[in-house]
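An overview of the molecular structure
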Amino acid sequence: MPGCPLSQRAFFSRASLVISVLIAGMICGSCNGGMSAPPPPPPPPPPPATFELVQVATGFSTPLDIQQPDDASGRLFIVEQGGHIQIIQSNGTRAAAPFLDITSRAGFTSGGETGLLGLAFHPNYKNNRRFFVNYTRNNATQLQTVIAEFTASSTNSNFAEYRGGILAVPGRITAATAVS
């Protein structure tokens, strides 16, 4: 520094050097001297999944779907392509009669990629007993997909009753009327 005696100049020079070294040390110390510790090794892979197949019922005709409603009954509903929905009770026994039989519905057709194709329970099935099925039918020369609404019987929850439905026809959607 101009005008400072030599001893003050030396003092400030040494002080600047000490401060610079301290700052550099703090910077390098916080980054571990530019070297980081190696990452820990990855955890070992989980053990392979194991499954056991258990047969719970037999004697179904072309089963293609299985559903369980959220109604605390523990029942399993088996959709048979030929037009029936069977029930396996929570104790593993099969109900004596089908829950639903749509084989006598007008134009019902089954075989190949046609027939009773799906079942979906209403989210509030436990209270409203509503469910929906998807099946095919022949109407004149046209194959149609039907989404129909049913309810479980109020007197016997192992049997269904027709409520109406929606018919999906190529190019348009029309409502089907409820007919008993």
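Residues numbered from 1 in each chain as written. Predicted model: local features only at pLDDT ≥ 70, side-chain atom pairs only at ≥ 80, totals over all residues. Heavy atoms only, no water.

1. Quick look at the overall build of the chain
Check the secondary structure of the chain and you find two helices and nine strands. Counted from the first residue to the last, the chain has its helices and strands arranged as α-β-β-β-β-β-α-β-β-β-β. Across the 180 residues in the chain, those meeting the buried criterion constitute 26%. Long-range pairs, those at least 24 residues apart, make up 34% of the contacts in the chain between residues at least 6 apart in sequence. As displayed, the chain offers around 12200 Å² of accessible surface, 60% of which is attributable to carbon and sulfur atoms. (Helix = DSSP H or I, 4+ residues; strand = E, 2+ residues; numbered from the N terminus. Buried < 20%, exposed > 50% of the residue type's maximum accessible area, 1.4 Å probe, protein only. Contact = heavy atoms within 4.5 Å. Areas by Shrake-Rupley, 256 points an atom, 1.4 Å probe, with all protein chains shown as cover.)

2. Some words on the side chain of Thr-114
Relative to the assigned elements, Thr-114 resides in the loop between strand 4 (100–101) and strand 5 (116–121). Within the structure, Thr-114 has its side chain in polar contact with the backbone oxygen of Gly-111 (distance 2.6 Å). Setting aside residues no more than four positions away along its own chain, Thr-114 makes contact with Gln-81, Thr-109, Thr-136 and Leu-143. (Polar contact = N/O pair within 3.5 Å; in protein donor to acceptor, adjacent residues only side chain to side chain.)

3. Comments concerning the sheet that holds strand 4
Taken together, four strands build an open sheet; the order of strands is 1-2-3-4 and the sheet is antiparallel. If you trace the sheet from one side to the other, it starts and ends with strand 1 (63–67) and strand 4, each paired once. For strand 3 (residues 84–88) and strand 4, the ladder comprises two bridges, and the chain directions are antiparallel. Within strand 4, the residue paired with Ile-85 across the bridge is Leu-100. (Pairing = 2+ DSSP bridges.)

4. Observations concerning the environment of Thr-109
When you line up the elements, Thr-109 lands in the loop between strand 4 and strand 5. Since its relative accessible area comes to 18%, Thr-109 is described here as buried. Through-space distance from the C-alpha of Thr-109 to that of Thr-136 is 6.1 Å; in sequence the pair is 27 residues apart. Dropping the residues within four chain positions of it, Thr-109 is found in contact with Thr-114, Gly-115, Thr-136, Arg-137, Asn-138 and Leu-143.

5. Comments concerning the environment of Thr-114
Classification of Thr-114 by relative accessible area gives buried; the value is 13%. Separated by 23 residues in the primary sequence, Thr-114 and Arg-137 have C-alpha atoms spaced 8.0 Å apart.

6. Notes on the pattern of salt bridges
Close approach of charged atoms allows side chains of opposite charge to pair. Evaluation of the coordinates by the stated rule reveals two salt bridges. Here Arg-75 and Asp-71 are joined by a salt bridge, their closest N and O atoms 3.0 Å apart. Like Arg-75, the residue Asp-71 is buried in the burial classification. Here Glu-149 and Arg-130 are joined by a salt bridge, their closest N and O atoms 2.6 Å apart. Of this pair, Glu-149 sits in strand 7 (residues 142–152) while Arg-130 sits in strand 6 (residues 130–139), and the two are 19 residues apart along the sequence. Given the relative accessible area of 24%, Arg-130 is considered partly exposed. (Salt bridge = Lys/Arg side-chain N within 4 Å of Asp/Glu carboxyl O.)

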